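Commentary on secondary and tertiary structure
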Amino acid sequence: MSQPSISFLGVGLMGAPMVARLLDAGFSLTLWNRTPAKAEAFAGRVRLAASPAEAVADADVVITMLESGQVVEQVLYQSGAVSQLRQGALVIDMSSIEPGVARGHAARIEALGGDYLDAPVSGGTRGAEAGTLSIMVGGGDEAFVRAAEVFQPMGAVTHIGPVGSGQLAKLANQAIVGITIGAVSEALLLAAKGGARPEKVREALLGGFAGSKILEQHGERMLQRNFEPGAPARIQLKDLRMILDEARSEGLTLPLSQRVFEEYRALLASGNGEVDHSGLLLELERLNGVRLGSADEEH
């Protein structure tokens, strides 16, 4: 069987390396992006569309990788692009959006005779470049089977459950990520202020129960003060807001998520919305009036 033709909407920090992985796997792609220059970087290897409606027309599979549920709504639905979907098309939303919004989008796609999966990802730009993303999928069994060959070049996929389940898994992921970034920031600053070498503390902790990808990758970012965004802090704040909204709708109180949300909100208020989410360290430094450095620098 021939590979499905794919339309990919959203060629940003995450979308661009995902597109590259799909192209390397031999898929035929049509691209659209709000900032055309980002899609034009792939000129000669893809078909470039001037609008979302033009992009989705005649595609077997439509993938959206956009900033929020509101942007997905604008790009695919309010623009009228959804009316151009071919009968039987599969829409895969790999954006991180509200579970309830994903369920609403699924109902609209299914009413048009299409299939829908919500499939947010974790792994950052490194994972997108390496094809090692964790892909969390909500939707029906048949649609999931259809999507398997499309997911394969991008990472490891888990079918979580019905529509919306993928987004719930992503919210769980982002709760752990945000809270753990806060914990790593506090731990390294505490160690350095007390006279320990934070790079050696990180090295020791990686071998114990505190070891994690956050400590490994984002701890390294903090020590190197490399806050070029793999995932911008404003996106982490958006995800934490969704976590708290979902919790309220389910009658839950999540105090750790609430506290970290407030810290990220303060980080953005200081003008740091575009730093990597590991840049939460900057807010902790501002709060304490100190800067993370080695013991040699402190003493």
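So, here's what we can say about the structure.

**Here we look at the packing of helix H8 (residues 165-194) against helix H10 (residues 213-224)**
Two elements in contact, H8 and H10, have axes separated by 10 Å at closest approach and are oriented at 50°. The pairing of H8 with H10 is recorded here as oblique in orientation. Between H8 and H10 lies a crossing of right-handed hand. On H10, the residues that touch Val177, Thr180, Ile181, Val184, Ser185 and Leu188 of H8 are Ile214, Leu215, His218, Gly219, Met222 and Leu223. Taken together, the residues that form the contact of H8 with H10 break down as eight nonpolar, four polar and no charged.

**A short note on the nonpolar core**
Counting residues in each nonpolar core, the largest one holds 33 residues, and the members touching the most others are Leu29, Ile63, Ile92, Met94 and Phe151. Contributions of two or more residues to this core are made by strand S1 (6-9), helix H1 (15-24), strand S2 (29-32), strand S4 (61-64), strand S5 (90-93), strand S8 (133-138) and helix H7 (141-151). The element best represented in this core is H7, accounting for five residues. Sequence-distant contacts of isoleucine 92, defined by excluding residues within four places in its chain, comprise Val61, Val62, Ile63, Thr64, Leu117, Ala119, Ala147 and Phe151.

Criteria and cut-off values
- Residues numbered from 1 in each chain as written.
- Predicted model: local features only at pLDDT ≥ 70, side-chain atom pairs only at ≥ 80, totals over all residues.
- Heavy atoms only, no water.
- Axes fitted to C-alpha atoms, helices over the stretch in contact; angles between N-to-C directions.
- Helix = DSSP H or I, 4+ residues; strand = E, 2+ residues; numbered from the N terminus.
- Parallel < 35°, antiparallel > 145°, perpendicular 65-115°, else oblique.
- Left-handed = near helix turned anticlockwise from the far one by under 90°.
- Contact = heavy atoms within 4.5 Å.
- Nonpolar A, V, L, I, M, F, W, Y, C, P; charged D, E, K, R; others polar.
- Core = buried A, V, L, I, M, F, W, Y, C linked by side-chain atoms within 4.5 Å.
- Buried < 20%, exposed > 50% of the residue type's maximum accessible area, 1.4 Å probe, protein only.

Such coordinate-based values are descriptive only and should not be taken to indicate function.
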